[in-house]
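A closer look at the structure
Here is what each chain is made of, one letter per residue.
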Amino acid sequence: MPGNDDIAKIEASPLTDFVEEMEAIVGAGHWERAPDFFTADVVYQVGHRDPVFGVEGIKGYMEWQNRIVRWEGHDLRMKFSRGQTAIFEVVSHFTRLSDGAKLYVPCTDIYNFVDGRIADWRVYSDLSAFAS
């Protein structure tokens, strides 16, 4: 069984820095800058929902989510990269808009890069708490 020293920790890298820059830009709604971070045919999938494609697909998903919950940040548990993949583990904080409930959703995001841009972004989380 691995000890605590064997568990991945916070490891900054050019890929994780790139992801954090993208999150700041997209999180602030600067969609005109989003194409700088993604391939034209990027695949984005959150939980059990169907994947969406391209920056417009990501924007559409975010607009849908923002009608249900307000994202209020996250607690970073782990980040690292290997090869052309960056992995983040967080606990995201949301407020459900229908009743004001505070939600804490564990998420693992996996970003696969092609030619220096995100080509595939998968968010492994349980969205059932979004329903009221």
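Right, let's walk through the structure included here.

Thresholds applied
Residues numbered from 1 in each chain as written. Predicted model: local features only at pLDDT ≥ 70, side-chain atom pairs only at ≥ 80, totals over all residues. Heavy atoms only, no water. Helix = DSSP H or I, 4+ residues; strand = E, 2+ residues; numbered from the N terminus. Buried < 20%, exposed > 50% of the residue type's maximum accessible area, 1.4 Å probe, protein only. Contact = heavy atoms within 4.5 Å. Core = buried A, V, L, I, M, F, W, Y, C linked by side-chain atoms within 4.5 Å. Salt bridge = Lys/Arg side-chain N within 4 Å of Asp/Glu carboxyl O. 1 Å grid on protein atoms, 1.4 Å probe; cavity = no way out; pocket = protein on both sides within 12 Å on 5 of 7 lines; lining within 4 Å. Points joined across faces, edges and corners; volume = space filled by probe spheres on them. Pairing = 2+ DSSP bridges. Axes fitted to C-alpha atoms, helices over the stretch in contact; angles between N-to-C directions. Phe/Tyr/Trp six-rings, centres within 6.5 Å; stacked < 30°, edge-to-face > 60°. Lys NZ or Arg CZ within 6 Å of the ring centre and 35° of its normal.

1. Describing the overall build of the chain
Secondary structure assignment for the chain yields 2 helices and 6 strands. Mapped from its N terminus to its C terminus, the chain presents α and β elements in the order α-β-β-α-β-β-β-β. Along the first, second and third principal axes, the C-alpha atoms of the chain reach 40 × 40 × 25 Å. Buried residues in the chain amount to 40% of all 132 residues. Pairs at least 24 residues apart make up 50% of the contacts formed inside the chain by residues separated by at least 6 positions.

2. Here's the deal with the nonpolar core
In this structure, M22, F38, Y111, I118 and W121 are the most contacted members of the largest nonpolar core, which totals 32 residues. For this core, the element with the highest residue contribution is helix α1 (residues 14-27), accounting for 6 residues. The residues touching I118, leaving out its near neighbours within four places in the chain, are F18, V19, M22, F37, F38, T39, V42, Y111, N112 and F113.

3. So, the pattern of salt bridges
Under the counting rule described, the total for this entry stands at 7 salt bridges. Of the charged contacts in the structure, one is a salt bridge between E89 and R77, with a shortest N-O distance of 3.2 Å. Of this pair, E89 sits in strand β4 (residues 85-96) while R77 sits in strand β3 (residues 69-82), and the two are 12 residues apart along the sequence. Two residues, R96 and D99, come together in a salt bridge whose shortest N-O distance is 2.9 Å. For D99, a relative accessible area of 46% gives the class partly exposed. Taken together, the shared-partner salt bridges connect R70, E72 and K102 into one network.

4. Here's the deal with empty space enclosed by the protein
Within the structure shown, the criterion is met by 1 cavity of 30 Å³ or more. Around the largest cavity, the lining residues are Y44, Q45, V46, R49, D50, V52 and Y61.

5. Overview of the side chain of S125
Mapping S125 onto the fold places it in the segment after β6 (117-124). Excluding anything up to four places from it in sequence, S125 contacts V46, G47, V105, P106 and C107.

6. Observations concerning the sheet that holds strand β2 (residues 52-53)
Sheet strands pair by backbone hydrogen bonding; their relative direction is either parallel or antiparallel. Pairing in this open sheet of 6 strands is mixed, and the strands run β2-β1-β6-β5-β4-β3 from one edge to the other. With one partner strand each, in any of the chains shown, β2 and β3 form the two edges of the open sheet. Its contacts with the sheet place helix α2 (residues 54-66) against β1 (38-46), β2, β3, β4 and β6, and it is angled at close to 35° to β1.

7. Regarding the packing of aromatic side chains
Per the stated rule, a full pass over the model turns up 9 aromatic pairs. Within the aromatic cluster, the residues linked to one another by ring pairs are F38, Y44, Y61, W64, F88, Y111 and W121. Against the face of W64 rests R49, its NZ or CZ located 3.7 Å from the ring centre.

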